[in-house]
Amino acid sequence: MEKFRSFDEIKKSLENKETDCKAVVTYYLNNIQTKAHLNAFVEVYTQSALDQAAAVDKKLASGNAGKLAGMVLGIKDVLCYQGHEANASSKILEGFESQFTGTAIQRLIDEDAIIIGRLNCDEFGMGSSNENSVHGRVLNGVDEERVPGGSSGGSAVAVQANLCTASLGTDTGGSVRQPAAFTGVIGVKPTYSRVSRYGLIAYASSFDTIGVFSNTVKDNALVLEIMAGSDDFDSTASRKPVPHYSELLHFDKPAKIAYLKETIYSDSLQDDIKENILGTLETLKKEGHEIVEVNFPLLDYVLPTYYILTTAEASSNLSRFDGVKYGYRSPNAHNLESMYKMTRSEGFGPEVKRRIMLGTFVLSASYYDAYFTKAQKVRRLIKEFTENLLDKYDFIIMPTTPSTAFKFGEHSNDPVAMYLEDLFTVQASVSGVPAISIPNGTDRNGLPIGLQIMANSFKEADLFAFANYLTTMKS
Amino acid sequence: MKLDTNTLKKIAHLARLEFDEESAGKMTQDMTQILNWVEKLNELNTDGVEPLTTMSSEVNVMREDVVGTHLDHEKGLKNAPQRDSDYFRVPKVLE
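Report follows, based on the coordinates. Each chain has its residues counted from 1, following the order in which its sequence is written. Written order determines the labels here, with chains lettered from A and ligands numbered from 1. Under the rules for a predicted model, residues below a pLDDT of 70 receive no local features and side-chain atom pairs below 80 are neither given nor counted, while totals for whole chains, interfaces and linings still include all residues. Working from all heavy atoms in the structure, the side-chain values ignore hydrogens and water.

So, the overall build of chain A
Here is step 1 of the chain: Scanning chain A from N- to C-terminus turns up 16 helices and 11 strands.
Here is step 2 of the chain: A radius of gyration in this sense is built from C-alpha atoms; the matching globule rule multiplies 2.2 Å by the number of residues raised to 0.38. In summary, chain A has a C-alpha radius of gyration of 21 Å against a globular reference of 23 Å for 475 residues, a match within 12%.
Here is step 3 of the chain: Once the C-alpha set of chain A is aligned to its principal axes, its extents read approximately 65 × 55 × 45 Å.
Here is step 4 of the chain: For chain A, the proportion of its 475 residues judged to be buried stands at 65%.
Here is step 5 of the chain: Excluding contacts between residues fewer than 6 apart, the proportion of contacts in chain A whose partners are at least 24 apart in sequence is 75%.
Here is step 6 of the chain: Distance from the positive charge centre (47 side chains) to the negative charge centre (58 side chains) of chain A: 3 Å. Every helix listed is a DSSP run of H or I at least four residues long, and every strand listed is a run of E at least two residues long, numbered separately from the N terminus. A 1.4 Å probe rolled over the protein chains alone gives each residue an accessible area, and that area as a share of the maximum for its type sets the label: buried under 20%, exposed over 50%, partly exposed in between. Throughout, a residue-residue contact means that at least one pair of heavy atoms, one from each residue, lies within 4.5 Å. A residue counts as positive if it is Lys or Arg and as negative if it is Asp or Glu; His and the chain ends are not included. Lysine's charge is taken at NZ, arginine's at CZ, aspartate's at CG and glutamate's at CD.

Pasting the structure below:
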């Protein structure tokens, strides 16, 4: 029987002494084994998870357990957890063992969350289908011929297939929200700088965020409130106080909601998704909320801006993988320069190389102003436009993705077609504002449709409350 | 923007990557396609717009300068592909 799909359910069983943490972990370990062919987990921490469970059970017995006692988490293969491997799904980090634990994970462990293993993803978070992984592709549990989305595909499927209570992913341009939509789970990208990035293998540092996958809004809110907050090890992390999102889930006022004409009437939007979102907006109107159509003339410029800036940052961040300090080193090199070149050429996959090359190009002296500086200017226009809109309206609602989950190989030969998968998710990333994707029904083939809600910076409490209201309104 | 072979070689060297003839052709084609696509930004007038260079609203994050524990030497060397007791080892820089 399906159980433990929410932390509330686990807590209740623990309180009633119907189960203990060891049994909860064992339950998920069995599911992981049964669903091993989905390839969500790269490595299962059987022993350390059982050890953690035993320790938490002791704390529960003596009444001093943390807020997450009994919650079992999977983590994306780009997050450092001391004594465990992390590869960013890349050959270039093969054998790398984390020498410290990142802040976000440490805070969860300090509240007695149990880490059950690390999850497959696109190499260095670069991809929208989880097809770019040295660990192989991840299958979508709804239809195993289809992609789970990316880059955090393993994290999405782990929650979808009930292999853990919640999971951590990272979202640079949609890597939590898009796979959440494709797999029918809840995924949040917090405000940029809300969660410390210490211990996260960097892709694009002015976009990277750590986000959460879960089956319930409450679990998502709870995990985020514990991870978030200032950190001595990441000076960009916000020092704004963190509200207790999970205790602020009640929403009972009329909301002012904008939808962007260019997104809902976009040619690339699948018909079923369009009907689905128009239906939701209609229901909201009937419930007394104000729904306003606004124009977003910058939509077509968001993805180009994103790709120029993220590839530039990636080319710089990924220069640290040189075969000297960790990971793979080519055995074929004969001097220092050939060691760098051969290590990197043999260690990185094709999509990562493409982005490093593009980033190097847009940062090179002759093209810097024409591409990089230009994109930084457009980023300001997009950010200001989005923030002004969110000053006027409480939320922007739009589809999470232009289509539901596509088949393996469908976009493999055309990088730009793959990039267009992120059309609706990059606006929040370019602007730094928080956004959530919640499941909102299915298309004619039974594939999950995601609904995306955006709020202004640091308005996660409103975002969670409204998402919670929407999920209860539907059921 | 049409990339030529020489530019590709130069960029590859800057990125410390190398491509054989076939993959260089594919890379040139992909990069040209992507660059043509991102050049859409030129349609927008950005005169007088300041480039956005930082996304965090935190400025001047200060702390006391105190001695703390950092990654110790052995841990720092733990993942090295090649090392001796004190240092990372690399191939000869000068032949």
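A word on unusual backbone geometry
Here is step 1 of the chain: For the peptide bond that leads from Gly150(A) to Ser151(A), omega is 5 degrees, which places it in the cis range.
Here is step 2 of the chain: In the Ramachandran plot, Ala88(A) falls in the positive-phi region, its phi being about 50 degrees despite a non-glycine side chain.
Here is step 3 of the chain: Residue position: Ala88(A) is located in the loop between β2 (72-76) and α4 (103-110).
Here is step 4 of the chain: With a relative accessible area of 0%, Ala88(A) lands in the buried category.
Here is step 5 of the chain: A positive phi is found at Asn60(B), a non-glycine position, where the angle reads about 45 degrees.
Here is step 6 of the chain: Tracing the chain through its elements places Asn60(B) in the loop between α2 (21-38) and α3 (73-77).
Here is step 7 of the chain: The exposure class assigned to Asn60(B) is exposed, which follows from its relative accessible area of 66%.

Section: empty space enclosed by the protein
All names here are of chain A.
Here is step 1 of the chain: In this analysis a 1.4 Å probe is tested at points of a 1 Å grid over the protein atoms alone, and where it fits but cannot get out there is a cavity; an open set with protein on both sides within 12 Å along at least five of seven lines is a pocket; lining residues have an atom within 4 Å of a point. Grid points are joined across faces, edges and corners, and a volume is the space filled by probe spheres set on the points. Counting across every chain of the model gives 3 cavities of 30 Å³ or more.
Here is step 2 of the chain: Approximately 80 Å³ is the volume attributed to the largest cavity.
Here is step 3 of the chain: By volume, the second largest cavity amounts to about 70 Å³.
Here is step 4 of the chain: Together, Gly 125, Gly 127, Ser 128, Gly 150, Gly 173, Gly 174, Ser 175, Tyr 203, Tyr 306, Tyr 307, Arg 355 and Asp 422 line the second largest cavity.

Here we look at the sheet that holds strand β4 (residues 166-171) of chain A
Residue and element names in this part refer to chain A.
Here is step 1 of the chain: For two strands to pair, DSSP has to find at least two bridges joining them. Strand order in the open sheet made by the 11 strands is β1-β3-β2-β4-β6-β5-β10-β11-β9-β7-β8, with mixed pairing throughout. This sheet does not close on itself; its edge strands, each paired only once, are β1 (41-44) and β8 (290-294). Pairs of neighbouring strands in the sheet enclose a mean axial angle of 30 degrees, with direction left out of account.
Here is step 2 of the chain: The pairing of β1 with strand β3 (residues 114-119) spans 3 bridges and is classified as antiparallel. Across the sheet, residue Phe 41 finds its bridge partner in β3, namely Leu 119. Here, axes are lines fitted to C-alpha atoms. For helices the fit covers the stretch in contact, and angles between N-to-C directions go from 0 to 180 degrees.

Points about the nonpolar core
All names here are of chain A.
Here is step 1 of the chain: In terms of nonpolar packing, the biggest core is built from 166 residues, with Ile 116, Phe 124, Leu 168, Met 227 and Phe 466 touching the most fellow members.
Here is step 2 of the chain: With 10 residues, helix α10 (residues 299-317) is the largest single contributor of residues to this core.
Here is step 3 of the chain: Those residues in contact with Leu 168, other than ones at most four positions away along the chain, are Gly 74, Ile 75, Lys 76, Leu 79, Ile 105, Leu 108, Ser 155, Ile 210, Gly 211, Val 212, Val 223 and Met 227. Only buried residues count toward a nonpolar core, which is a set of Ala, Val, Leu, Ile, Met, Phe, Trp, Tyr and Cys residues joined through side-chain atoms within 4.5 Å.

Let's talk about a nonpolar patch on the surface
Residue and element names in this part refer to chain B.
Here is step 1 of the chain: On the surface, a nonpolar cluster with roughly 300 Å² of combined accessible area is contributed by Val 90, Val 93 and Leu 94.
Here is step 2 of the chain: Topologically, Val 90 is positioned in the segment after α3.
Here is step 3 of the chain: What makes Val 90 partly exposed here is its relative accessible area of 34%. Patch building starts from residues that exceed 30% relative accessible area and form no salt bridge, then joins like charges within 9 Å and nonpolar side chains (Val, Leu, Ile, Met, Phe, Trp, Tyr) within 5 Å. Using a 1.4 Å probe, the Shrake-Rupley method yields the accessible areas, and only the shown protein chains count as cover for residues. Salt bridge, as applied in this entry: a Lys or Arg side-chain nitrogen positioned within 4 Å of an Asp or Glu carboxyl oxygen.

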